[in-house]
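# Understanding the architecture of this molecule
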Amino acid sequence: MNSGTDQQDIKKEKILEAAYQRFLHYGYSKTTMNEIAGDLSLSKALLYYYFPDKSRLYIAVMRKLAGEYLDNLQNKLSKFTDLKDAFVSQINIQHDFIVKNYNFFDFFRLNEQNLPDTIWEIITEIHQAEMVLLSAAIQLEVEKGRIKPVANPGEIVDLLLDALHGVRVSAVSHKKVMFPQKEHLDEIHAKRLLLVDIFVKGLMY
C-alpha cells in the first residue's frame, strides 16, 4: 500500500469519526454535510469526494459501528463460562450498544417503514454473525455435557433471537416498532434477561 492510499484511509477514518460524533449528538436529521466538513476543516468538495451524500456517509458509519459491536461480542463469547453467560453477554452488549448510540439510530425511527436495502444488509450480517457465535456456544456446551444434545443449534438460536427482538414493554406491546423509546430500554433489557434464563434452563433439563 502506498503512502497516498494510507493518507486517504486516515482521512476517511477521520471523516467517519467526525460524522459519528455529529450523528450521535444531533441525530441524522439535524446533521448536515457542511457541519461535518467544518468540524474537520475540510472543503465540501473533498468531503463529497469520499462520500457523495449524507445517507452513504451514515451507512459507512453504521457499518463501522457494526464491526465494532461484533468484535466486542466475539471477544466476550470467546471466554464465556457457561451457556447462560454467553446469551446474557449478547443481551448486555447489545443493550449497552443501543443505549450508547441511541441518538445515532434516529435514522431508523424516522425511516422504519422504508429503510434502505444497504441498512437491511448490515442488520442481516449482524444477525448471521450472532447466530454463528451463539450456535457455537451451544455446541461447545453440548460437547462438555452441560446441556442435552441439540439437533440444530442454528434453528434454536434463530428462534431465541426472534423472541428477544419481539420483547416489548406492556404500554406499547401492540406496536411493531424497531426502536422503542429510550425510557423503555431498561425494562426491555430486564425482560430479555428473564427470557434467556427460561430458555437456557429449557436446554439443560
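Here the structure is a predicted model, which means the values were calculated and not measured.

### Points about the overall build of the protein
Assigned secondary structure in the protein consists of nine helices and zero strands. Going from N to C terminus, the protein has its helices and strands arranged as α-α-α-α-α-α-α-α-α. Over its C-alpha atoms, taken along the principal directions, the protein stretches across nearly 65 × 50 × 25 Å. Relative to its 205 residues, the protein shows a buried fraction of 42%. At a minimum sequence separation of 6, the contacts of the protein that also span at least 24 residues come to 71%. When the accessible surface of the protein is totalled, it reaches about 11,600 Å², and 53% of it is carbon and sulfur.

### A closer look at helix 4 (residues 54-77)
A rise of 1.5 Å per residue sets the reference length of helix 4, with its 24 residues, at 34 Å; its end C-alpha atoms lie 34 Å apart and thus fit the reference within 8%. Among the residues making up helix 4, those that are buried are Lys54, Leu57, Tyr58, Ile59, Val61, Met62, Leu65, Ala66, Tyr69, Leu70, Leu73 and Leu77.

### Thoughts on unusual backbone geometry
Of note, the phi angle at serine 41 is positive, near 55°, even though the residue is not glycine. By secondary structure assignment, the location of serine 41 is in the loop between helix 2 (33-40) and helix 3 (44-50). A relative accessible area of 67% places serine 41 in the exposed class.

### Details of the side chain of histidine 95
The residue histidine 95 is located in helix 5 (residues 83-100) in this model. The exposure class of histidine 95 is buried, given its relative accessible area of 15%. A polar side-chain atom of histidine 95 sits 3.4 Å from a polar atom in the side chain of aspartate 186. In contact with histidine 95, not counting residues within four places along its chain, are Leu185, Asp186 and His189.

### Description of the environment of arginine 109
For arginine 109, the position within the fold is in helix 6 (residues 106-110). On the accessibility criterion, arginine 109 (26% relative accessible area) is partly exposed. Among all residues touching arginine 109, those that are not within four sequence positions of it are Tyr102, Asn103 and Phe179.

### Remarks on the nonpolar core
Of all hydrophobic cores here, the largest spans 62 residues; its most connected members are Leu57, Phe87 and Phe104. When residues of this core are assigned to their parent elements, the largest contribution, eleven residues, is made by helix 4. What phenylalanine 87 contacts, discounting residues up to four positions off in sequence, is Leu134, Ile138, Val157, Leu160, Val196, Phe199 and Val200.

Conventions we followed
- Residues numbered from 1 in each chain as written.
- Predicted model: local features only at pLDDT ≥ 70, side-chain atom pairs only at ≥ 80, totals over all residues.
- Heavy atoms only, no water.
- Helix = DSSP H or I, 4+ residues; strand = E, 2+ residues; numbered from the N terminus.
- Buried < 20%, exposed > 50% of the residue type's maximum accessible area, 1.4 Å probe, protein only.
- Contact = heavy atoms within 4.5 Å.
- Areas by Shrake-Rupley, 256 points an atom, 1.4 Å probe, with all protein chains shown as cover.
- Expected span 1.5 Å × (residues − 1).
- Polar contact = N/O pair within 3.5 Å; in protein donor to acceptor, adjacent residues only side chain to side chain.
- Core = buried A, V, L, I, M, F, W, Y, C linked by side-chain atoms within 4.5 Å.

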